[in-house]
Amino acid sequence: QVQLVESGGGSVQAGGSLRLSCAASGRTLSNYAMGWFRQAPGKEREFVARISRSGGSTWYADSAKGRSTISRDNAANTVYLQMNSLKPEDTAVYYCAADPTFFDTTMRTRTTQYDYWGQGTQVTVSS
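If you're wondering where the values come from, they're calculated on a predicted model, not measured in any experiment.

Chemist: Residues and numbers for the packing of aromatic side chains, please.
Modeler: Here a ring pair, both rings aromatic, is described through the centre-centre distance and the interplanar angle of the planes. With the rule as written, the count across this model stands at six aromatic pairs. Ring plane angle 85° and centroid distance 6.1 Å describe the contact between Tyr32 and Tyr116, whose orientation is recorded as edge-to-face. Placement of Tyr32 in the loop between strand E3 (18-25) and strand E4 (33-39) and of Tyr116 in strand E10 (residues 116-117) is noted, with a sequence separation of 84 residues between them. Relative to Tyr114, the ring of Phe37 lies with its centre 5.0 Å away and its plane at 80°, an arrangement referred to as edge-to-face. Highlighted residues: Phe37 in strand E4 and Tyr114 in the loop between strand E9 (92-99) and E10, separated in sequence by 77 residues.

So, in structure tokens, the structure goes:
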């Protein structure tokens, strides 16, 4: 099993930036496509971004497109989410998740399509 730990969240003013990290242990991260999701209070967990095992393919939710960049450093067993131009509606707990299936270069946006999850990191954006 792979263990995932998110970090890098915090409080930021609207228009600011944050870089979230997801560090993996227990397994080689290159065996997994990785996703970022977020969940605001009282809301369902929603897809933010996905990256293929090699990092060659990425996918973004419309809300994240143009403002966020997902990347990975397999040698460091880490996945990142760079978020710029943050808005108050970006406030949520952000989770990274691992997809071990063969659908590596396929867009997958549902929480049920990922088998392993981190504990989440809080992002708060103030206006």
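So much for the structure itself; the text now carries on.
Chemist: I'd love a proper account of the state of the cysteines, names of residues and values included.
Modeler: Two cysteines whose sulfur atoms are joined by a covalent bond form what is called a disulfide. One pass over the structure, following the stated rule, counts one disulfide. Two residues share a disulfide in this structure: Cys22 and Cys96, whose sulfurs sit 1.9 Å from each other. Because the torsion about its S-S bond is 55°, the bridge between Cys22 and Cys96 counts as right-handed. With Cys22 in strand E3 and Cys96 in strand E9, this residue pair connects regions lying 74 residues apart in the sequence. Cys96 shares its class with Cys22; the two are buried.

Chemist: I'd like a description of the pattern of salt bridges, backed by residues and values.
Modeler: One pass over the structure, following the stated rule, counts six salt bridges. Residue Lys65 pairs with Asp62 through a salt bridge whose shortest N-O separation is 3.7 Å. The same class applies to Lys65 as to Asp62, namely exposed. Salt bridges linked by common partners bring Arg38, Glu46, Arg67 and Asp90 together as one network.

Thresholds, definitions, all that
- Residues numbered from 1 in each chain as written.
- Predicted model: local features only at pLDDT ≥ 70, side-chain atom pairs only at ≥ 80, totals over all residues.
- Heavy atoms only, no water.
- Phe/Tyr/Trp six-rings, centres within 6.5 Å; stacked < 30°, edge-to-face > 60°.
- Helix = DSSP H or I, 4+ residues; strand = E, 2+ residues; numbered from the N terminus.
- Disulfide = S-S within 2.5 Å.
- Buried < 20%, exposed > 50% of the residue type's maximum accessible area, 1.4 Å probe, protein only.
- Salt bridge = Lys/Arg side-chain N within 4 Å of Asp/Glu carboxyl O.

These values are about where atoms sit, not about what they do.
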